[in-house]
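What the coordinates show
Spelled out, the chains give:
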Amino acid sequence: MAELIDGKAISQSIKDEIKEKTAKLGEKGIKPCLAVILCGDDPASTVYVANKKKACEYCGFDSVSLELPAGTTQEELLDRIKELNEDDKVNGILVQLPLPSHISEDAVIAAIAPEKDVDGFNAVSVGNLLIGRPGFVSCTPAGVIQLLKRSGVEIAGKECVVIGRSNIVGKPMSVLMLRENATVTTCHSKTKNLKEVCKRADILIVAIGKPKMIDASYVKEGAVVIDVDIHRLEGKKLCGDVDFDSVEKVASKITPVPGGVGPMTIAMLMNNCLEGCMRQNGLLNE
Ligand code: GUN
C-alpha cells in the first residue's frame, strides 16, 4: 500500500517557515504586501481569493484586495494593474483567473510587472525559469517539487512522466523536473501509447483534467504518483485525475485529493510574495 504524501501538513510547515521569516523582516521595518484582483463574481474564484487573503494574514503579510465588477473593461483593469505596478508598498500582484470573456488573459498577464508577478505566468518569469535564472515559478508546479523533496523522494536521474502541457502546470512542471535532473517526458492528448509511456515513470505527475482517468494499469510498481487536479463528482465527493483506490495498491507514495497538491499552491504563493519582497529590498543573494 502506498504511503500518503500529506500536502496539508507540508503546506502548513512552509507557511510556518514563511511566518517566521516575515517576523524577522518586520524587525527591519519590512512587511510583504500582496495585491489580489478579483474581476466578476465567479463563486470558486471568490473562495480562492478569500483563502489567499487568509493566508496573507496568517503569514503576517499585508494584503490589498480589489474586487471589480464583471463589466469592468480591459482598459480599466490594465489601469489598475499599472497603479499597483507603480505602488512601492505592493510586492506581489495576482489577478485571479478565469477573467470575464471580454478581457484578454494574455494582455492582463503581460501587464503585470515581472518583479511583482507572483503567479509566475508572465513571459519574463517563464523565460527565466527555462534558462535557469532567478525569478518567480508558477505556484502549483513549484508546490509539487516541495512535496517531492520534503517527502524524501530523490528526483535526480529518475524517469519522470508529466501528463499535461498547460502553461500554468504541465509545461513549468516538466521544466522544473528537468532542472532537478530528472529524465522528463511530457505527455498530452495526442500522445500515442500513453499507458506504456506512463509505465516507464518512476515519478508520474498527472494534470489532465479527467476524473479518475489514471488507474493502476498506467503505473509501474513502486512509482511515486502526484495528482494535480481536483474534481467534484455528483454527490459532492472530491477526486483527482488518478483513481486513488486502484493506484494506491501499486504506487510507493501518492498524493490524496483533497489534501495533496491543492494546499501547496497557496503556500508557494506566499513564498513567492516573500521572495519578491526580499528581492525588491535587495535582501536576496542570487
Ligand atoms: N485560478 C485558478 N488557479 C489560479 C492561480 O494559480 N492563479 C491565478 N491567478 N488564478 C487562478
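Moving on: the overall build of the protein. Tallying secondary structure elements over the protein gives ten helices and eleven strands in all. The C-alpha radius of gyration computed for the protein amounts to 19 Å, which stays within 12% of the reference 19 Å derived for 286 residues, consistent with globular compactness. Its C-alpha atoms give the protein principal-axis dimensions of roughly 50 × 40 × 35 Å. Split into buried and exposed, the 286 residues of the protein put 48% on the buried side. Of the contacts made within the protein by residues no fewer than 6 positions apart, 70% connect residues no fewer than 24 positions apart.

With that settled, the discussion passes to the pattern of salt bridges. Under the definition given, this model contains eleven salt bridges. In this structure, Lys-253 and Glu-3 form a salt bridge, with 3.5 Å as the shortest nitrogen-oxygen distance. Taken together, the positions of Lys-253 in strand β11 (residues 253-254) and Glu-3 in strand β1 (residues 3-4) put the pair 250 residues apart, joining distant regions of the chain. Through salt bridges with shared partners, a single ionic network connects Glu-275, Arg-279 and Glu-286.

On to helix α10 (residues 262-280). Its 19 residues place the ends of α10 28 Å apart at the C-alpha level, agreeing with the 27 Å of an ideal helix rising 1.5 Å per residue. Residues of α10 that are buried in the fold lie against α1 (7-26), β2 (33-39), α2 (43-59), β4 (92-95) and α6 (139-150). Downstream of α10 by one or two residues, Gly-282 has phi in the positive range, about 70°.

Bringing the site of the ligand into the picture now. Lining the immediate environment of the ligand, one finds Leu-94, Val-95, Gln-96, Leu-97, Asp-119 and Phe-121. Backbone polar atom of Val-95 to a nitrogen atom of the ligand: 2.8 Å apart, as the coordinates give it. Gln-96 is positioned with one of its side-chain polar atoms (N or O) 3.2 Å from a nitrogen atom of the ligand. Of the residues assigned to the shell around the ligand, the class counts are four nonpolar, one polar and one charged.

Glancing now at the environment of Ser-189. Mapped onto the fold, Ser-189 is located in the loop between β6 (183-187) and α8 (194-199). Its relative accessible area of 67% is what places Ser-189 among the exposed residues. Between the C-alpha atoms of Ser-189 and Val-169, which are 20 residues apart in sequence, the distance is 15 Å.

Now for the state of the cysteines. Using the criterion set out here, one finds zero disulfides in the structure. Here Cys-33 stays free of any disulfide, with the sulfur of Cys-273 as its closest cysteine sulfur at 7.1 Å. Not part of a disulfide, Cys-56 finds its nearest cysteine sulfur in Cys-273, a span of 6.2 Å.

Turning next to the sheet that holds β1. The strand order across the open sheet formed by six strands is β1-β11-β8-β7-β5-β6, and the pairing between neighbours is parallel. Here the strands that pair on one side only, and so sit at the sheet edges, are β1 and β6. As paired strands, strand β8 (residues 224-227) and β11 are joined by two bridges and run parallel to one another. Its bridge partner lying in β11, Val-225 is registered against Ile-254.

Right, let's talk about the sheet that holds β2 for a bit. With respect to topology, three strands assemble into an open sheet ordered β3-β2-β4, the strand pairing being parallel. Edge positions in the sheet fall to β3 (62-68) and β4, since each of these pairs with one other strand and no more. Between one strand axis and the next, the sheet turns by 15° as a mean value, whatever way the strands run. Pairing between β2 and β4: four bridges, direction parallel.

Calculation rules
- Residues numbered from 1 in each chain as written.
- Predicted model: local features only at pLDDT ≥ 70, side-chain atom pairs only at ≥ 80, totals over all residues.
- Heavy atoms only, no water.
- Helix = DSSP H or I, 4+ residues; strand = E, 2+ residues; numbered from the N terminus.
- Rg over C-alpha atoms; globule rule 2.2 N^0.38 Å.
- Buried < 20%, exposed > 50% of the residue type's maximum accessible area, 1.4 Å probe, protein only.
- Contact = heavy atoms within 4.5 Å.
- Salt bridge = Lys/Arg side-chain N within 4 Å of Asp/Glu carboxyl O.
- Expected span 1.5 Å × (residues − 1).
- Near = heavy atom within 4 Å.
- Polar contact = N/O pair within 3.5 Å; in protein donor to acceptor, adjacent residues only side chain to side chain.
- Nonpolar A, V, L, I, M, F, W, Y, C, P; charged D, E, K, R; others polar.
- Disulfide = S-S within 2.5 Å.
- Pairing = 2+ DSSP bridges.
- Axes fitted to C-alpha atoms, helices over the stretch in contact; angles between N-to-C directions.

So, to be careful, I would describe these as geometric facts and stop short of saying anything about function.
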